[in-house]
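Secondary and tertiary structure notes
Residue strings, one per chain:
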Amino acid sequence: MATSPSTGPQVVHFGVYEADLRAGELLKQGFRIRLREQSFQVLAILLEHHGDVVTREELSKRLWPNGTFVDFEQGLNAAVNRLREALGDSPENPRFIETLARRGYRFIASLAASPVGRIQSLAVLPLENLSRDPEQEYFAEGLTEALITTLAKIGALRVVSRTTAMHYKGVHRPLPEIARELNVDAIVEGTVQRSGARVCISAQLVHALTDNHLWAETYDRDLGDVLALQSEVAQAIAREVQVKVTPQEQAHLAQVHPVDPEAFEAYLKGRYHWNRRSREGLGKAIQYFQQAIAKDSTYAAAYAGLADCHSALAAWGFASAGEGCGKAKELAQKALEIDDSSAEAHASLAYATMFDHGFAAAEREFERSIELNPRYATAHEWYGFYLASMGRYEESYTELQRAIRLDPHSSIIHTILGYVYLVSRRYEQAIAQFAKTIELDDTFAQAHFYLGLAYMYKSMHEPALAAMQKGFQLAHSSSFLLTWLGEAYAAAGYADEAQKILEQLNEISKELYVTPYFVARIYAALGKKDEALTWLETAYPERAPFMIYLKIDPRFDDLRSDPRFQDLLRRMNFPS
């Protein structure tokens, strides 16, 4: 869109800002921002050439046409810096003005020339539970997540992820302020009330810059029609914001599977507990997903959710390969038999297949999932994890950065990025990333444990033990994380403490699954190479999920030259 004072719109909107080119004013939500003339001129010129590079020479000539200013370089730098300060922008992470080294500048933000402007991004705030019954929170959260998922199928619309949106649950602040924090053009907010087999949803679309209500509607339907209702709401919003919906996206929105009301309710409860990311939550999620499938054997989303639960049991060391990944693969394949267009089901199959050592097949499924839904953050997260496990670190960083852009408040995605720094031996960056994750959510146990690992590999043993013990407390004494604590004691030279944990694990293994891979890590930290290799050989035939770390795990660096370890790597058949 070309914008100039003479031929284009006189008022241009971008984000929460408004530039009145005729009056020479920069406004933010109606308030004038003090801006020197040269800085405003830079803004006007960049808006003229929106999306194109404007060279430093061209800017200097336009600002000082008579050559009256001696130090053009210093003057231009000062004007651009003042403009960036006014916009809250930075050269390192530009939202508005991008610097092209030794060339010039480019205005990169989306523009809108009308008071309402084009809406290209939105956030769905958590629907308010009008029943005030805490037992119904799962229902409000589930409908919020479902609406986000449906809207995210529209490729031309950027939709803030569920994890990020949930940070605003119960928050009562001006919508323009929330929109500015989330960097979106519009907000969807609303309420939900459940009464027996009926559900009433009220939703409204609010333009972020003006706080104008663009659309509002109330729906009163049978619970069995709620999936069709989600599609109807999403299509109404798409029409209102006038975003382009492709024929394929239209078909996906219109494709609604009728669902048994009790199955849908069980599914929502399963998602609610799955999102808690705890062992107890996984157990409850499995029960509810199974209930949903028992009520409706053609409910693809319930199969995919159950698959993710079984994969998580294996990935977090709570279950053997057969109980975890084996079941997960079968469930994900069943989901795809019902709906092959489900990006979530393809990602579920990829994740389970990866932990079951089917590396090439897993990569194909990850790529298919992302092809179907490029904005599915979990697919990028898991694919990034897969790439790191194959030693493809740079590709892994790229995928995880994409996942974070899609879901910036996700503790698990931030933790996985730190893990990739860890296994690529970038320990300082790993420590910084885990600290950032803990700042985001200091109750997330895995971030504390991984921070402990990073300290441990830096031989900072006391901070390592402190971080591990904190994580162990938060995880309520998880047997899986107990193995990490044993490794930390061993690495710090507390051999007796490590041996006690090995004895505890032996007792625990009589009732619960204990992965031999992590027992091997404790022995490796104790310097007992033969015992470590013996436990790795035990892990191999049972296809222990953690064996996918073998190629990159820093703990086994001292074993890599051993022919027995080399033979084990060869048998794992990692892609070259």
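On to the overall build of the protein chain, then. Of regular secondary structure, the protein chain possesses 25 helices and 13 strands. Taking 25 Å as the expected radius of gyration for a compact globule of 576 residues, we find that the protein chain reaches 27 Å, a close match to that expectation. Considered along the principal axes of its C-alpha atoms, the protein chain spans approximately 80 × 65 × 40 Å. For the protein chain, the proportion of its 576 residues judged to be buried stands at 54%. If you take every contact in the protein chain between residues at least 6 apart in sequence, the share linking residues at least 24 apart comes to 58%.

Structurally, the position occupied by Arg521 is in helix α23 (residues 516-525). Exposure remark for Arg521: the relative accessible area of 5% places this residue in the buried category. Each residue touching Arg521, except ones within four places of it in the same chain, is listed here: Leu453, Tyr457, Glu487, Asp553, Arg555 and Phe556.

To continue, consider the nonpolar core. Ranked by size, the top nonpolar core spans 164 residues in total, and within it Leu122, Leu151, Phe264 and Leu550 carry the most contacts. When sequence neighbours within four positions are dropped, the list of residues in contact with Leu151 reads Leu122, Val124, Leu157, Val159, Ala234 and Ile237. Listed in part, the 27 residues of the second largest apolar core include Ile45, Leu46, Leu63 and Leu87.

Moving on: the packing of helix α4 (residues 137-151) against helix α7 (residues 226-241). Running from N to C, α4 and α7 cross one another at 50°; their axes reach a closest spacing of 9 Å. By the angle class used here, α4 and α7 are oblique. Judged by the sense of rotation from one axis to the other, the crossing of α4 with α7 is right-handed. Every residue of α7 that contacts α4 at Leu143, Ala146, Leu147, Thr150 and Leu151 is listed here: Val226, Gln230, Ser231, Val233, Ala234 and Ile237.

What follows covers the environment of Ala454. Following the sequence through the fold, Ala454 ends up in helix α19 (residues 445-457). C-alpha separation for the pair Ala454 and Ala498, spaced 44 residues apart in sequence, amounts to 19 Å.

What follows concerns α19. The terminal C-alpha atoms of α19 lie 19 Å apart, and with 13 residues this matches the ideal 18 Å at 1.5 Å per residue to within 8%. Positive phi appears at Ser459, one or two residues downstream of α19, with a value of about 60°.

What follows is about helix α15 (residues 377-389). For the α-helix, the turn length of 3.6 residues means that residues three or four positions removed from each other point alike. Under the 1.5 Å per step criterion, the end-to-end length of α15 is 19 Å for 13 residues, consistent within 8% with the ideal 18 Å. The buried fraction of α15 amounts to twelve of the 13 residues, a majority that puts the element mostly inside the structure. For α15, every residue scored as buried is listed here: Ala377, Ala379, His380, Glu381, Trp382, Tyr383, Gly384, Phe385, Tyr386, Leu387, Ala388 and Ser389. The inward-facing, buried residues of α15 abut α11 (300-315), α13 (343-355), α14 (359-372), α16 (393-406) and α17 (411-423). At the exit of α15 stands Gly391, carrying a positive phi of roughly 85°.

To continue, consider the sheet that holds strand β5 (residues 54-55). By way of backbone hydrogen bonds, the strands of a sheet pair with one another, either parallel or antiparallel. Across the sheet, which stays open at both edges, the three strands sit in the order β5-β7-β6 with antiparallel pairing between neighbours. Bordering the open sheet on either side are β5 and β6 (97-100), each of which pairs with just one other strand. Judged from the four bridges that link them, β6 and strand β7 (residues 104-107) form a sheet pairing that is antiparallel. If you follow Thr99 over to β7, its bridge partner there is Tyr105. Of the strands in this sheet, β5, β6 and β7 touch helix α1 (residues 37-48), which is tilted by about 70° from β7.

All right, on to the confidence of the model for the protein chain then. Across the protein chain, the average pLDDT comes to 87, with 93% of residues at 70 or higher. Averaged pLDDT values over the elements of the protein chain bottom out at 63 in strand β4 (residues 31-33) and peak at 97 in helix α24 (residues 529-539). Between residues 1-9, whose pLDDT stays under 50, and residues either more than four places distant or in other chains, the model counts 23 contacts.

Quick look at the pattern of salt bridges now. Going through the model one piece at a time under the given rule, you end up with 35 salt bridges. Note that Lys169 is salt-bridged to Glu141, the shortest N-O span being 2.7 Å. Highlighted residues: Lys169 in the loop between α5 (162-165) and α6 (175-182) and Glu141 in helix α4, separated in sequence by 28 residues. For Lys169, a relative accessible area of 36% puts it in the partly exposed group. With a relative accessible area of 8%, Glu141 lands in the buried category. The salt bridge partner of Glu262 is Lys295, with a shortest N-O separation of 2.8 Å. Of this pair, Glu262 sits in helix α9 (residues 261-274) while Lys295 sits in helix α10 (residues 279-295), and the two are 33 residues apart along the sequence. Given the relative accessible area of 47%, Glu262 is considered partly exposed. Given a relative accessible area of 47%, Lys295 falls into the partly exposed group. Through salt bridges with shared partners, a single ionic network connects Glu137, Glu141, Glu145, Arg162, Lys169 and Arg271.

All right, on to unusual backbone geometry then. Phi is positive for Asn183, which is not a glycine, with a value near 55°. Structurally, Asn183 can be placed in the loop between α6 and β11 (186-195). By relative accessible area, Asn183 is classed as partly exposed at 38%.

Before going further, it helps to spend a moment on the side chain of Thr415. Structurally, Thr415 is set in helix α17. Thr415 gets classed as buried once you look at its relative accessible area, which sits at 0%. At a separation of 2.8 Å, a polar atom in the side chain of Thr415 contacts the main-chain carbonyl oxygen of Ser411. Look past the residues within four positions of Thr415 in its chain and what remains in contact with it is Phe434, Thr437, Phe444, Gln446, Ala447 and Tyr450.

Our next topic: the pairing of strand β8 (residues 121-124). Burial along β8 is two-sided: Ser121 and Ala123 facing one way and Leu122 and Val124 facing the other are all buried. The pairing of β8 with β11 spans three bridges and is classified as parallel. Looking at the pairing, Leu122 lines up with Ala186 of β11.

Cut-offs applied
Residues numbered from 1 in each chain as written. Predicted model: local features only at pLDDT ≥ 70, side-chain atom pairs only at ≥ 80, totals over all residues. Heavy atoms only, no water. Helix = DSSP H or I, 4+ residues; strand = E, 2+ residues; numbered from the N terminus. Rg over C-alpha atoms; globule rule 2.2 N^0.38 Å. Buried < 20%, exposed > 50% of the residue type's maximum accessible area, 1.4 Å probe, protein only. Contact = heavy atoms within 4.5 Å. Core = buried A, V, L, I, M, F, W, Y, C linked by side-chain atoms within 4.5 Å. Axes fitted to C-alpha atoms, helices over the stretch in contact; angles between N-to-C directions. Parallel < 35°, antiparallel > 145°, perpendicular 65-115°, else oblique. Left-handed = near helix turned anticlockwise from the far one by under 90°. Expected span 1.5 Å × (residues − 1). Pairing = 2+ DSSP bridges. pLDDT = per-residue confidence, 0-100. Salt bridge = Lys/Arg side-chain N within 4 Å of Asp/Glu carboxyl O. Polar contact = N/O pair within 3.5 Å; in protein donor to acceptor, adjacent residues only side chain to side chain.

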